[in-house]
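# Results of the structural survey
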Amino acid sequence: MDDLKLTFVSLLWEEFLSYDPANPIPLLQIIKPKVSRAWHKMVAKQIGALTVNEKVYANWLAISAIAKKYRAENLPLELLEEQLLTELPKLKKRDIRYALRMLPGWRDALTISYKPSPEQNHGYEPRCAYADTLPDTGAEPIDAPLMREEMRNAFTVAFVPLTATERELFKDTNGVDTRTFETFPPVSRIDLSLKYGYADESGVNKAEGALHYKIVAELSEIRYTDSVGVVRTAPPKDCEEKKNIFYYKYFPRCEKQGGLIKVDASKKDTLDYEVIEVAEGGHHAEPSVCQACGGTAEPSSARR
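Residues numbered from 1 in each chain as written. Predicted model: local features only at pLDDT ≥ 70, side-chain atom pairs only at ≥ 80, totals over all residues. Heavy atoms only, no water.

## Some words on the overall build of the protein
Note the following rule: Counting from the N terminus, the helices are DSSP H or I runs at least four residues long and the strands are E runs at least two residues long. Only protein chains enter the accessibility calculation, which uses a 1.4 Å probe; a residue is then buried when its area is under 20% of its type maximum, exposed when over 50%, and partly exposed in between. A contact between two residues is defined here by any heavy atoms of the two lying within 4.5 Å. Using a 1.4 Å probe, accessible areas were evaluated by the Shrake-Rupley method; residue-level cover was limited to the displayed protein chains.
Across its full length, the protein carries 9 helices and 6 strands. Residue burial in the protein is summarised as follows: out of 304 residues, 35% are buried. Taking the intrachain contacts of the protein between residues at least 6 apart in sequence as the baseline, contacts between residues at least 24 apart amount to 48%. Surface summary for the protein: the accessible area is close to 19100 Å², and the carbon and sulfur share equals 54%.

Set out below in structure tokens:
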């Protein structure tokens, strides 16, 4: 938005220096088309790490305007592509498809996100609509299309190991098709429990949590993200058992072999915890003896 404002002020000053006060046409009316062209040129050339060819950008504007016109009719993607090919015969189908995939991101972020707890009540974005021709730079970074493309590529890889049933479950619970990334309202938990043969919604929540863990493990494998799985566990043998002492198994990057953490929640303002057993593959200092229970623990400098 600051760039848009600066562009407007610069043009306004340049036109003001040569503007004749006797001109019956207001100055702002004269510069309106010039400002519009300058704004679009600036956006096309300065989209973060991207540089969009002016011709390509002009095609995107034309496609966006037509798509917006047919948005109210809720045309299926195939029919919308055919309509765009009819109205823009000089464009190729692959160019139209790419533009349609990118345009929703000008305003709406991709709805895929890792849910840390399936028990939480998560909201879902409505179906993506084709946006106006100018991006809302106050809503998201202007280089968001590039990051969104990277996210799509990463999730495409992470979805490969999923079974047909897991893909269907992800589609129903998240409202995202794992192959096309098309978005739509998710299915209710009650209907899902009937569809997949669970006794109640808790079965769906458990299956969804396991599915998310599997996807995050794949994203960690390709180094798209880093992750640590944490599961509460019973106190190990010979370790102290107190009301405010808790033990958790942790799994760096969702690996099968994990470690053990002791958490002391007895203090009101802080949580003190120690790594009792270091996970294989984790990057830690040499463990020392835990004075609390006699197990191995990281040095105090490794506490967080």
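## Side note on the pairing of strand E3 (residues 259-264)
Basically, it comes down to this: For two strands to count as paired, DSSP must find a minimum of two bridges between them.
Taken across its 6 residues, E3 has 5 buried, putting it largely inside the fold. Pairing of strand E2 (residues 245-252) with E3, which is carried by 6 bridges, proceeds in the antiparallel orientation. Across the sheet, the residue bridging to Tyr247 is Lys262, located in E3. Linkage of E2 to E3, two consecutive antiparallel strands, is achieved through a turn of 6 residues, within which Arg253 is found at a positive phi near 50 degrees.

## Some words on a nonpolar patch on the surface
For clarity, the cut-off: Each patch is built from residues that are more than 30% exposed by relative accessible area and take part in no salt bridge. Like charges join if they lie within 9 Å; nonpolar side chains (Val, Leu, Ile, Met, Phe, Trp, Tyr) join within 5 Å. Salt bridge, as applied in this entry: a Lys or Arg side-chain nitrogen positioned within 4 Å of an Asp or Glu carboxyl oxygen.
On the surface, Trp13, Phe16 and Leu17 cluster together into a nonpolar patch covering about 380 Å² of accessible area. Secondary-structure assignment places Phe16 in helix H1 (residues 2-18). Residue class for Phe16 comes out partly exposed when judged on its relative accessible area of 47%.

## Describing the pattern of salt bridges
Scanning the model with the defined rule gives 8 salt bridges in all. Glu81 is paired through a salt bridge with Arg97; the nearest N and O atoms lie 3.2 Å apart. With Glu81 in helix H4 (residues 77-87) and Arg97 in helix H5 (residues 93-102), this pair connects stretches of sequence that are 16 residues apart. Across the pair Asp177 and Lys171 runs a salt bridge, and its minimum N-O distance is 3.8 Å. Several salt bridges converge on common partners, so that one network encompasses Glu168, Asp172 and Lys195.

## Quick word on the environment of Val157
Tracing the backbone shows Val157 in helix H6 (residues 144-159). Linking Val157 and Leu219, residues 62 residues apart in sequence, is a C-alpha distance of 8.0 Å.

## Quick look at the side chain of Arg189
We count it as follows: Identification of polar contacts relies on pairs of N or O atoms within 3.5 Å, with a donor-acceptor requirement for protein atoms, meaning one able to donate a hydrogen and the other able to accept it, and with residues adjacent in sequence counted only if both atoms are side-chain atoms.
Its place among the elements puts Arg189 in helix H8 (residues 189-195). Side chain to side chain, Arg189 and Glu208 meet in a polar contact 2.9 Å long.

## Focus on the confidence of the model for the protein
Just so we agree on the cut-off: Residue-level confidence of the predictor is what pLDDT reports, using numbers from 0 through 100.
When pLDDT is averaged along the protein, the result is 74; 74% of the residues meet or exceed 70. Looking across the protein, the model is least confident in strand E5 (residues 288-289), with a mean pLDDT of 35, and most confident in helix H7 (residues 164-174), with 92. Note on residues 282-304: pLDDT under 50 across the span, and 42 contacts to partners over four residues away in sequence or across chains.

## Considerations on helix H3 (residues 54-69)
The following threshold applies: Take the residue count of a helix, subtract one, and multiply by 1.5 Å to get its expected span.
For H3, with 16 residues, the first-to-last C-alpha span of 23 Å sits near the 22 Å given by 1.5 Å per residue. By the burial criterion, the buried members of H3 are Tyr57, Trp60, Leu61, Ile63, Ser64, Ile66 and Ala67.

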